[in-house]
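# Reading the structure
Spelled out from the first residue to the last, the chains are:
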Amino acid sequence: GVQRIIDDLPDLVLLDLCMPVMSGLAVLEKIHHSSNNPAVKNIPIIVVSGNGMMDDVVKALRCRAFDFITKPITDFVVLEHAITKAIQHTKLLKENQQYQQHLEEEIAKRTRRLNETFDMLVSEKARTDQALDCKMRFLCNMNHEFRTPINIILGYAEFLHENAIEDGNEESIDDILKIKHQSHHLLTMVSGMMDQIDIDPDRLKFESYTINQIISQVKTEIDDGEHDAQRLNIDLADDLPSVNVDA
């Protein structure tokens with residue numbers, strides 16, 4: 001009988017306490033300890049017994065009996081009410097379990113969607129960061145590539161301007177001033193354009209050079225553009241400090 005209850009899952013069980021092979025209390029304990037299936041544990045069991053002793057009532061309720069009715073039953077309305085209440089209770093339990101299962105499925109579904117959205121956002125952020133890195137590298141390189149030759153032109157023009165003044169070459173002075181003016185204009189325009197762009201300082205890469213190295217590079221640029229008859233001689237100390245410049 002106990003195994004049939006576990007296998008068939010009836011809507012209701014009416015159980016007597018006094019039975020020849022196994023007592024009703026033993027049946028209650030066996031039903032609720034023989035299976036881990038919540039549906040078995042939720043089967044409402046109404047104990048109907050001629051023994052109305054309070055001790056038996058307490059034991060039956062402790063063994064998870066749904067209700068206890070004493071025999072003889074003089075008013076079957078009492079039994080009907082107990083059965084109705086037990087079936088309604090079971091129905092509410094099933095509805096609650098179904099609702100809980102539905103909530104768990106919805107939570108799992110939305111969790112999957114959130115994880116997918118999060119993964120997509122992480123991927124998009126990685127692509128955005130990569131594009132931003134490329135942009136910053138390009139801008140930093142352009143900043144360097146624009147400013148360096150312009151500054152060299154300005155330095156060389158200043159050198160030519162001083163020589164022209166010393167030589168009294170008025171014709172050359174006008175041309176050199178035009179070069180200086182246009183170079184300053186171009187440098188100002190490039191600087192203004194770069195200032196409008198938000199360059200993250202953490203993304204800039206710096207390299208260390210000695211002042212001797214920088215001046216030697218400028219001298220090389222100037223010498224390459226001069227005639228053989230003109231060379232720039234520079235005398236520098238050996239202990240000049242180093243400076244960090246953008247690469």
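Structure: see above.
Attention here is on the structure that accompanies the text. None of these values were measured; they are calculated from a predicted model. (Residues numbered from 1 in each chain as written. Predicted model: local features only at pLDDT ≥ 70, side-chain atom pairs only at ≥ 80, totals over all residues. Heavy atoms only, no water.)

## So, the overall build of the protein
- Summing up its helical and strand segments, the protein has seven helices and five strands in all.
- When the helices and strands of the protein are placed in sequence order, the string is α-β-α-α-β-α-β-α-α-β-α-β.
- Here the protein holds 247 residues, and 23% of them are scored as buried.
- The contacts of the protein with a sequence gap of at least 6 include a subset with a gap of at least 24, amounting to 62%.
- Surface exposure of the protein reaches about 17700 Å², of which carbon and sulfur atoms provide 55%. (Helix = DSSP H or I, 4+ residues; strand = E, 2+ residues; numbered from the N terminus. Buried < 20%, exposed > 50% of the residue type's maximum accessible area, 1.4 Å probe, protein only. Contact = heavy atoms within 4.5 Å. Areas by Shrake-Rupley, 256 points an atom, 1.4 Å probe, with all protein chains shown as cover.)

## Describing the pattern of salt bridges
- The full count for this structure, using the stated rule, is seven salt bridges.
- A salt bridge links Arg127 to Glu124; the shortest N-O distance between them is 2.2 Å. On the criterion of helical spacing, the pair formed by Arg127 and Glu124 is a turn pair, its members being three residues apart in helix 5 (residues 76–167).
- Judged by its relative accessible area of 37%, Glu124 is partly exposed.
- One network of salt bridges, with partners in common, ties together Glu106, Lys109 and Arg110. (Salt bridge = Lys/Arg side-chain N within 4 Å of Asp/Glu carboxyl O.)

## Focus: the nonpolar core
- Membership of the largest hydrophobic core comes to 19 residues, with the highest contact counts inside it found for Leu28, Ile31, Val47 and Ala60.
- Mapped by element, the contributors of at least two residues to this core are helix 1 (2–8), strand 1 (13–15), helix 2 (24–33), strand 2 (45–49) and helix 4 (54–62).
- Ranked by residue count, the leading element in this core is helix 2, at four residues.
- Beyond its immediate sequence surroundings of up to four residues, Ala60 is in contact with Leu25, Leu28, Val47, Ala65 and Phe68.
- Counting six residues, the second-largest nonpolar core is a separate cluster that includes Ile46, Val48, Ala82 and Ala86. (Core = buried A, V, L, I, M, F, W, Y, C linked by side-chain atoms within 4.5 Å.)

## Some thoughts on the sheet that holds strand 2
- Pairing is parallel in the open sheet, where three strands are placed in the order 1-2-3. With partners counted over all chains shown, the strands left at the sheet margins are strand 1 and strand 3 (67–70), one partner each. Ignoring strand direction, the axes of neighbouring strands in this sheet form an average angle of 25°.
- Sheet topology places strand 2 next to strand 3; four bridges connect them, and they run parallel. (Pairing = 2+ DSSP bridges. Axes fitted to C-alpha atoms, helices over the stretch in contact; angles between N-to-C directions.)

## Describing helix 5
- Helix length check: helix 5 (92 residues) gives 133 Å between terminal C-alpha atoms against 136 Å at 1.5 Å per residue, within 8%.
- Backbone nitrogen of Val77 and a side-chain oxygen of the N-cap are separated by 3.1 Å at the start of helix 5; the cap is Asp75. (Expected span 1.5 Å × (residues − 1). Polar contact = N/O pair within 3.5 Å; in protein donor to acceptor, adjacent residues only side chain to side chain.)

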